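Chain residues, written in single-letter form:
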Amino acid sequence: MAGRGAAAPPLLSAAAAGSLAVCAVQLGLAWALGRRLGGRGAPADRWVLGWLCYDVLVHCTLEGPFVYLSLIGTVAESDNIFASLWKEYGRADARWLYSDPTIVSLEILTVVLDGLLALILIYAIIKDKYYRHFIQVTLCVCELYGGWMTFCPDWLIGSPNLDTSNWLYLWVYLVFFNGIWVVIPVLLLWQSWLGLKQMHHEKSNIRKKIR
């Protein structure tokens, strides 16, 4: 039993606070960039652009370094600022520390394909391109597939690599930071569904007027 004078453990370690601060800075930058790129466009599209900017920032500045570190060694063996961020997340999911083949394979696909698709989608929204919803649906399906394949293999063997004993690891690292890549793609799929439905109705109305 701890003595009465013993200090209570902090709710957030320095590493956890630093990691969350990095994410907050990225989110702020993405939001500002999204609003700037969106200009006088529809409010919904400005929100989407903000998310896409955040998506690209995460893929390039966090997941990209993770892939590099995992290909030349492991996060656990590395000693730099990117490794420290992933070591903190690795407290919740140990696979990220030791170059798990499934995780690294998914992250290579995420960084290269999803990052490129997000950039193309940003351009398509800004320039109002006809292929906007095709790219948006493709990106969302890729993101959802990545989320499923990140966790399903571990769930099937009893989740030995996940630490859910700590509220921070469970609700912030595992649920929140992975959940947003499920909730937002689903919302964007719904937006594309409505957009494609509207375009179909407009095209059908034009045909009816011509007849």
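Caption draft 1: Local environment of the pattern of salt bridges. Using the criterion set out here, one finds 3 salt bridges in the structure. When the shortest N-O distance is used, the salt bridge between Arg132 and Asp45 registers 3.1 Å. Taken together, the residues Arg132 in helix 5 (residues 132-156) and Asp45 in helix 2 (residues 43-72) connect sequence positions 87 residues apart. Residue Arg132 is classed as buried on the basis of its relative accessible area, which comes to 11%. For the salt bridge of Arg91 with Glu88, the shortest nitrogen-to-oxygen distance reads 3.1 Å.

Caption draft 2: Region of the structure containing unusual backbone geometry. Non-glycine residue Ser99 carries a positive phi angle of around 55°. Residue position: Ser99 is located in the loop between helix 3 (81-89) and helix 4 (101-126). Classification of Ser99 by relative accessible area gives buried; the value is 18%. Notably, Asp128 is not glycine yet its phi reads approximately 55°, a positive angle.

Caption draft 3: Broad picture of the state of the cysteines. As enumerated under the stated definition, the model contains 0 disulfides in all. Cys53 takes part in no disulfide bond, and the closest cysteine sulfur to it belongs to Cys60, at a distance of 11 Å. Assessed through its relative accessible area of 4%, Cys53 is described here as buried. The thiol of Cys142 is unpaired, and the distance to the nearest cysteine sulfur, on Cys140, comes to 9.3 Å.

Caption draft 4: Summary view of helix 4. The end-to-end C-alpha distance of helix 4, which contains 26 residues, comes to 37 Å, matching closely the 38 Å that a straight helix rising 1.5 Å per residue would cover. Largest kink in helix 4: about 30°, centred on Thr110. Its side-chain oxygen placed 3.1 Å from the backbone nitrogen of Thr102, Asp100 serves as the N-cap of helix 4. Directly after helix 4, the chain includes Asp128, whose backbone phi takes a positive value near 55°.

Caption draft 5: Structural view of a nonpolar patch on the surface. A surface patch of nonpolar side chains, amounting to about 530 Å² of accessible area, comprises Tyr68, Leu71, Ile72, Ile108 and Val112. Elements with a minimum of two residues in the nonpolar patch: helix 2 and helix 4. Within the secondary structure layout, Ile108 lies in helix 4.

Caption draft 6: Structural detail: the confidence of the model for the chain. Across the chain, the average pLDDT comes to 91, with 93% of residues at or above 70. In this model residues 1-9 is a low-confidence stretch, pLDDT under 50, and it forms 0 contacts with partners more than four residues away in sequence or in other chains.

Caption draft 7: Spotlight on the packing of aromatic side chains. Summed over all chains, the structure comprises 15 aromatic pairs. When the centroid spacing of 6.2 Å and the interplanar angle of 80° are considered together, the rings of Trp148 and Trp155 count as edge-to-face. Classification of Trp155 by relative accessible area gives partly exposed; the value is 47%. On the numbers, 5.8 Å between centres and 25° between planes, the contact of Tyr169 with Tyr173 is stacked. Here the residue Tyr169 and the residue Tyr173 both occupy positions in helix 6 (residues 167-210), the gap between them amounting to 4 residues, near one helical turn.

Definitions and cut-offs
Residues numbered from 1 in each chain as written. Predicted model: local features only at pLDDT ≥ 70, side-chain atom pairs only at ≥ 80, totals over all residues. Heavy atoms only, no water. Salt bridge = Lys/Arg side-chain N within 4 Å of Asp/Glu carboxyl O. Helix = DSSP H or I, 4+ residues; strand = E, 2+ residues; numbered from the N terminus. Buried < 20%, exposed > 50% of the residue type's maximum accessible area, 1.4 Å probe, protein only. Disulfide = S-S within 2.5 Å. Expected span 1.5 Å × (residues − 1). Bend = angle between axes of the 7 residues up to and from the residue. Polar contact = N/O pair within 3.5 Å; in protein donor to acceptor, adjacent residues only side chain to side chain. Patch = residues over 30% accessible without salt bridge, like charges linked within 9 Å, V, L, I, M, F, W, Y side chains within 5 Å. Areas by Shrake-Rupley, 256 points an atom, 1.4 Å probe, with all protein chains shown as cover. pLDDT = per-residue confidence, 0-100. Contact = heavy atoms within 4.5 Å. Phe/Tyr/Trp six-rings, centres within 6.5 Å; stacked < 30°, edge-to-face > 60°.

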